[in-house]
Amino acid sequence: MNELVVRTTGLTKRYGKRAVVDRLDLHVERGQIYGFLGLNGAGKTTTIRMLMGLIHPSSGSVELFGRPVPAERMAVMRRVGALVESPSYYAHLSGRENLRVIATLLDLPEKRIDEVLAIVRLTADAGRRAGDYSLGMKQRLGIAAALLGSPELVVLDEPTNGLDPAGIHEIRDLIRSMPREHGITVLVSSHLLAEIDQMATSVGVIHSGRLLFQGPIDDLRARSRGHVRIEVDRPDVALPLAGGLPLVAAEAGALVLDSLVPGDAARLVSALVGGGVAVYRVEERKRTLEEIFLELTGEGAVA
Amino acid sequence: MLRMLRVEFMKMQWPLVGLVVLLGPLIAVVLGLNPGAGAGAEAWKLAYGFATVRYAWLFYPLLAGVLAALVCRPEHMGGGWKQLLALPVSRSTVYGAKFFVLVGLLAVANLVFGAVFIVAEMAVGLSAADIPWSEMGPSLLGGWIAVLPLAAVQLWVSSRWKSFGAALALNVCLTLPAIFAAQSHEIGPWYPWAQPVLAMSGLGPSSAKGMALGLSMTTLWVVIGGGLAVALIGGLVTFARADVRQ
Amino acid sequence: MSSVDATRVAASTRGATARGLLVADWRRMRGTWLFPLTVLGPVGVTLLGVILFLLRGEYMLKPFLSGEKSGFMVVTEQLGMIHVFAIGLGAALLASMIVDLEHRSETWKAMFSLPVSRAGTYVVKFVWCAVLLAASSALMTLGYSSLVVWQRLGAVPWADLATLGALVWIASLPLLALQLFISTALHNQALPLTVGILAPIFGMSMSDLAPWTPWTLMTQALAYATGGLAAGAQTESLTGFGPAQVCTVAVGTTIVLVLCGTLALARREIR
């Protein structure tokens, strides 16, 4: 196994009695794009804040690059860049001046500011007041700030929030290129399965503060595979005709099958029609994130 | 730390801060200008006493609160704290830099006050030769030192409270009783918010023995030194432990 | 509680009625610091009075015992000026907080896309602040009366206390109107608050300022109500403003300033 860049052990944050983050064991390996997936309010941002040492865990621990946080935060943070929740900016300063504030603290040359501005395509607007930026531009400024110190680990909390489709595409490409071109490990959170699906190599699913699944994205993909539903007039007659296919259930008026290869679907339909069964509708139903959550919660699976 | 200070300077809302630091003392002097000025060194001292009462009684302590709030404001507004504190800078450095800037601005304000006072009095006819440097120097320095504990208290609350108004309201509530405290010989030396006016305008116990900067040594060490230590350490500890949630 | 809900209430009666607007704002104010502040101010002033009596009671009671001053004079002599400061400070804080609700949640645009008149919205905010200040003034009067009873300063001088509370309140309205104007015009509340908190303190202690300005009018009211004896109302600043002048000036200035604010809000582009 690769070096663990992020590792939490039993990480818990309680506000009053409610555990917002509940015994989380997060493992992010070097070179991964780790998708941190959960609905709004699932505990993603709280977890990320604890990773960055912004809030203190009620119990459990965080290690970045094998060093405990917040105890050795100072040594580690130079290697981490982060965009936590909504992007931070000083409204009265220009985009470039905002980056210069961080560059001064990290002792970086002006050239590096130009580089990150180019990466997030803000060069043309660098001189404008950040307060006048559109939401998408603020988001990109936040990403630029995260990249500024040439970090080894980039933590991005909902980076595509408020972006238009083109912007989302751009950011997605940028994130995908990070491990390849710069050897950066990325931890990116989102509430959209489709988004994580398009860029992550590994995924952690959080729900009500608990980690329900953690592992390669392919494992999750397998779970989200769709069902095929065939509505017929006489399910009892239809049932034997579907012999040998991965049948899940025969409901009132419909057969539900696990995903089918196209050939199987065609054969089944023609068999049904040949057998005198009327086929009203054939549909593929992808399971939504919510359904996967429900299933995971139902199993009580903790990876 | 030096880098942090440079960053503080970059982030400052200069138009607003400049306005407060420059215009504030200016107004205080102009409104408090002694109308019946005579001539010579005595007239200078009289005018100075008159001006400092106006300035140091309410205005200077309030200025400390306003500036503390202004120093923290950029961080509260755009989620600056979470970005700043996720960088490899220690929280005590962040807090310390803010305190230094605040204290520096208060020193500038006092110098502006002194300068404006001299210019204004010369404009109404007092002679430059009689400027009471030996009185004004210690007075300005003493006022600055006396305001430090209040500045530390205000930075403490301003770093925690997002609301500009709340921090300022507390400031006013603590400053107003100074009107009574400074008049009383029993309470005066013990009430931190009364110290700037006592230090600056020579209203403190005037027995020359054991005095420094217009204050008794006990007051200087216990109230100002102790107050500063408590407020600064308290603010630092709170800041270092706080969860950054905004 | 969401502001949108409250706004909806305002709009529920097609082209919101005055009552609708008032109710909507009241709902919006719940859970903010506006109500606590209204109570805290007078409590603070009364507590300061308690401390003063505990620390310097003997000195303060002497003129009463010798028959030189009435009980009313004794309690308002020191506290009168603080009362004026507290109401002035309250005006600045309330005005800023009530519009900052809208600034911060960016609800101006939500509100003005409903059939709600801008002028009405503004005036309603002014009315609420004025009502809260009136409540504060009334509580302040109760505070004085409790001090009178506690220190056995004779029968509670209700008429004098009511005059003091009411007159200072009326005199504070121009300042409130001014602060609401600035706070509404500027998104950034740092400046209005700084001005609002510093200016009255200066205005009130500056004898050379004209008596009719929003910052000095309250001192005139105090001077009249306390017979010119309260601390801070220096004799030279007494221009002999009677209640009639105070009220005329206050009402006139207030109307002008509220009109200015209404116009400014009506013409403003909401971004």
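Rules used throughout
- Residues numbered from 1 in each chain as written.
- Chains lettered and ligands numbered in written order.
- Predicted model: local features only at pLDDT ≥ 70, side-chain atom pairs only at ≥ 80, totals over all residues.
- Contact = placed C-beta atoms within 7 Å.
- Helix = DSSP H or I, 4+ residues; strand = E, 2+ residues; numbered from the N terminus.
- Nonpolar A, V, L, I, M, F, W, Y, C, P; charged D, E, K, R; others polar.
- Buried ≥ 20, exposed ≤ 12 C-beta atoms within 10 Å, placed from the backbone.
- Arc of directions from axis to C-beta.
- Domains from an automatic or database assignment.
- Core = buried A, V, L, I, M, F, W, Y, C linked by C-beta atoms within 7 Å.
- Axes fitted to C-alpha atoms, helices over the stretch in contact; angles between N-to-C directions.
- Parallel < 35°, antiparallel > 145°, perpendicular 65-115°, else oblique.
- Left-handed = near helix turned anticlockwise from the far one by under 90°.
- Pairing = 2+ DSSP bridges.

**Digging into the interface of chain B and chain C**
Size of an interface: often given as the accessible area lost when the parts come together. Across the contact, 20 residues belong to chain B and 23 residues belong to chain C. With six residues, helix α7 (residues 164-175) of chain B is the single largest residue contributor to the side of chain B that touches chain C. Per-class residue counts for the side of chain B that touches chain C are 17 nonpolar, two polar and one charged.

**Comments concerning helix α1 (residues 2-11) of chain B**
Given 3.6 residues per turn, any residue in an α-helix points the same way as the ones three and four places further on. Residue and element names in this part refer to chain B. Residues of α1 that are buried include every one of Met4, Val7 and Lys11, and no others. Projected down its long axis, α1 shows its buried positions confined to an angular sector of 60°, all on one face. Every exposed residue of α1 that faces more than 90 degrees away from the buried side is listed here: Leu2 and Phe9.

**Focus on the domain arrangement of chain A**
The domains assigned to chain A are domain 1 (4-79 + 151-222) and domain 2 (226-286). Using C-alpha coordinates to define each centre, domain 1 of chain A is positioned 41 Å away from domain 2 of chain A.

**Focus on the interface of chain A and chain B**
Facing 26 residues of chain A, the contacting portion of chain B comprises 23 residues. Breaking the side of chain A that touches chain B down by element, the ones donating at least two residues are α2 (73-77) and α3 (95-106) of chain A. Ranked by residue count, the leading element in the side of chain A that touches chain B is α3 of chain A, at seven residues.

**A short note on the nonpolar core**
In this structure, Ala144 of chain A, Leu67 of chain B together with Val168 of chain C are the most contacted members of the largest nonpolar core, which totals 231 residues. It is helix α3 (residues 40-77) of chain B that contributes the most residues to this core, 21 residues altogether. Once residues lying within four places of it in the same chain are set aside, the contact partners of Ala144 of chain A are Leu99, Val116, Leu117, Ile119, Val120 and Leu122 of chain A. Judged by nonpolar contacts, the second largest core, of nine residues, contains Ile230, Val232, Leu272 and Val277 of chain A.

**Here's the deal with the packing of helix α4 (residues 71-105) of chain C against helix α7 (residues 158-185) of chain C**
All names here are of chain C. Two numbers describe how α4 lies on α7: the axes approach to 8 Å, and their chain directions differ by 25°. It follows from the interaxial angle that α4 and α7 lie roughly parallel. The chirality of how α4 crosses α7 is right-handed. For the pair α4 and α7, contact is made by Phe72, Thr76, His83, Val84, Ile87, Gly88, Ala91, Ala92, Ala95, Ser96 and Val99 and by Asp160, Leu164, Val168, Trp169, Ser172, Leu175, Leu176, Gln179, Leu180, Ser183 and Thr184, respectively. When grouped by side-chain class, the residues that make up the contact of α4 with α7 number 13 nonpolar, eight polar and one charged.

**A word on unusual backbone geometry**
Leave glycine aside and you will find that most residues have negative phi; peptide bonds, for their part, are mostly trans. All names here are of chain A. Following Val69, the chain continues to Pro70 via a peptide bond in cis, the omega torsion being 10°. Positionally, Pro70 belongs in the loop between β6 (67-69) and α2. In the Ramachandran plot, Ser150 falls in the positive-phi region, its phi being about 45° despite a non-glycine side chain. The exposure class assigned to Ser150 is partly exposed, which follows from the 15 C-beta atoms found within 10 Å. Despite not being glycine, Glu158 shows a phi value in the positive range, around 50°. Note on placement: Glu158 falls in the loop between β8 (153-157) and α6 (165-182).

**Focus on the arrangement of the chains**
Of all two pairs of chains that touch, the greatest number of contacts is found between chains A and B. No part of chain A reaches chain C; the closest C-alpha pair between them is 11 Å apart.

**Some thoughts on the pairing of strand β1 (residues 4-15) of chain A**
Residue and element names in this part refer to chain A. Inspection of the sheet shows β1 paired to strand β3 (residues 27-29) by three bridges, in the antiparallel sense. Each residue of the ladder has a partner; that of Arg7, found in β3, is His27. Across five bridges, β1 lies against strand β5 (residues 59-64) in antiparallel orientation. Bridged to Thr8 within β5 is Val62. The pairing of β1 with strand β2 (residues 18-24) spans four bridges and is classified as antiparallel. In the strand pairing of β2, Tyr15 is matched with Arg18. Connecting β1 to the antiparallel partner β2 that follows it, the hairpin turn spans two residues, and Gly16 within it adopts a positive phi of roughly 65°.

**Here's the deal with the sheet that holds strand β7 (residues 80-83) of chain A**
Residue and element names in this part refer to chain A. A sheet is described by the order of its strands in space; here six strands give the open sequence β7-β8-β9-β4-β10-β11, paired in mixed fashion. Pairing within the sheet leaves two strands with one partner each, and these edge strands are β7 and β11 (210-216). Ignoring which end each strand starts from, the neighbouring axes of this sheet average 15° apart. Relative to β11, strand β10 (residues 202-207) runs antiparallel, the two being bridged by six bridges. Counterpart to Ser202 in the pairing with β11 is Pro216. Of the strands in this sheet, β7 and β8 touch helix α5 (residues 135-147), which is tilted by about 165° from β7. Strands in contact with α6 are β4 (33-37), β8 and β9 (185-190); relative to β9, the strand with the most contacts, it is inclined by about 155°.

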